[in-house]
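Residues per chain are reported as follows:
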Amino acid sequence: MSTRNGEVVVVGGGLHTTVQDTGRDGYYSLGIPPSGAMDRFSYRVANMLVGNPDGAAALEATYVGPTLEFTDDRRVAVTGASAPVTVNGEPVPTWQTVAVRAGDVLSFSMLTAGARPYIAISGGVSVPVYLGARSTYTLTGLGGFEGRRLADGDRLPLGEEELADPPEVGSTVEEALRPDLPDVTLLRTMIGLCSYRVTEESMRVFTSTEWKVTKDADRIGYRLHGGRFDFVDREPPHGAGSDPANVVDLGYPLGSIQVPGGDEPIVLLNDAVTAGGYATVGTVISTDLDRIAQAKTGDRVRFEPVDLRTALEARADRHARLERVRRALREQGARA
């Protein structure tokens, strides 16, 4: 492995750009969510393209990407949402290994599809590790760069470590291996834990409706509009509130779909609270959290009930696709 020092200057922070990695696992029971990249596939491929080790910290932007100036020679790759990207005003491809030199400036135009671009830089973003990760959790100012989104004038330290045989400049990920960014995002969902609290008709409507992503859509959760849930009559058990949507407090897996008030369900995501007392009618499977991460305000999503076997097969399929990307990049390097 080679080593070097450098930094990237944040000329413009974009709308909401944070440092993220694979997340802060192991602290959920203490009320600390994992944070980390919301679209893990795009994040991991970006790191592959620049020759970073798995888990290196990268940048996740939302809607409007940042403007970055480099202070030394690096490789950079942009994946995830579709947006025109330039270096010194000249267009450069996404999903491809791009070389930048000291003084070069990388910029974004408005998104054309998706919600979150990922920017990986060779060596990784070398902010301090906190509780085992460099991911940013802005609600408590934990991790990342000073625990917050990036602001104009920030200077991010870049890492020294990269793989011995990084991809050649110009290496690319073929279209067939990139995620789709459809008009309606299909979210495969395990029904439960508290779906018994709503009527069968409500669950039928839930899985047949195209839900619209509202303006309240961020790393904490996505609030959706499009239907209403009717609750089954019951005597509230000890420990549950009187509201029909209340249950005895329970843990919320990532992707939990809670229904406070019976309308506008909320899909809880990487920075959400870890437990609470609202009924959860289902949980989006882990691989499809990548999909909802690329849905933006005004987009539509639909929930498809699946079983555990399907969820595990989807996870295996994503792993296999990542390995195909890794193999394709090695093959491109061998031909160079």
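Before reading further, recall that the structure is shown in the block above.
Read on for an overview of the structure. Keep in mind that what you see is a predicted model, and the values were worked out from it rather than measured.

On to the sheet that holds strand E10 (residues 113–121). Sheet strands pair by backbone hydrogen bonding; their relative direction is either parallel or antiparallel. The antiparallel open sheet is built from five strands, whose spatial order is E2-E3-E10-E5-E8. Strand pairing shows two members of the sheet lacking a second neighbour, strand E2 (18–20) and strand E8 (98–100), which therefore form its edges. Each strand axis lies, on average, 35° off the axis of its neighbour in the sheet, ignoring direction. Pairing of strand E5 (residues 74–82) with E10 involves six bridges; the strand directions are antiparallel. Along E10, the bridge assignment pairs alanine 77 with alanine 120. Helix-sheet contacts for helix H1 (residues 40–50) involve E2, strand E3 (58–60), E5 and E10, and the interaxial angle to E5 is about 155°.

This next bit is on the packing of aromatic side chains. Using the criterion set out here, one finds four aromatic pairs in the structure. Geometrically, the ring pair formed by phenylalanine 206 and phenylalanine 303 is stacked, given 4.7 Å between the ring centres and 25° between the ring planes. Here phenylalanine 206, found in helix H2 (residues 200–208), pairs with phenylalanine 303, found in strand E20 (residues 300–305); they are 97 residues apart in sequence, far enough to count as distant. Like phenylalanine 303, phenylalanine 206 is buried. Each residue in the set Phe206, Trp211, Phe229 and Phe303 is aromatic and connected to the rest through ring pairs, giving one cluster. Between the NZ or CZ atom of arginine 321 and the centre of the ring of phenylalanine 41, over which it lies, the distance is 4.0 Å.

Per the stated rule, a full pass over the model turns up one cavity of 30 Å³ or more. Space inside the largest cavity adds up to approximately 40 Å³. Together, Val76, Ala77, Val78, Val85, Val92, Pro93, Gln96, Val98 and Leu106 line the largest cavity. Taken together, the residues that form the lining of the largest cavity break down as eight nonpolar, one polar and no charged.

Rules and cut-offs
Residues numbered from 1 in each chain as written. Predicted model: local features only at pLDDT ≥ 70, side-chain atom pairs only at ≥ 80, totals over all residues. Heavy atoms only, no water. Pairing = 2+ DSSP bridges. Helix = DSSP H or I, 4+ residues; strand = E, 2+ residues; numbered from the N terminus. Axes fitted to C-alpha atoms, helices over the stretch in contact; angles between N-to-C directions. Contact = heavy atoms within 4.5 Å. Phe/Tyr/Trp six-rings, centres within 6.5 Å; stacked < 30°, edge-to-face > 60°. Buried < 20%, exposed > 50% of the residue type's maximum accessible area, 1.4 Å probe, protein only. Lys NZ or Arg CZ within 6 Å of the ring centre and 35° of its normal. 1 Å grid on protein atoms, 1.4 Å probe; cavity = no way out; pocket = protein on both sides within 12 Å on 5 of 7 lines; lining within 4 Å. Points joined across faces, edges and corners; volume = space filled by probe spheres on them. Nonpolar A, V, L, I, M, F, W, Y, C, P; charged D, E, K, R; others polar.

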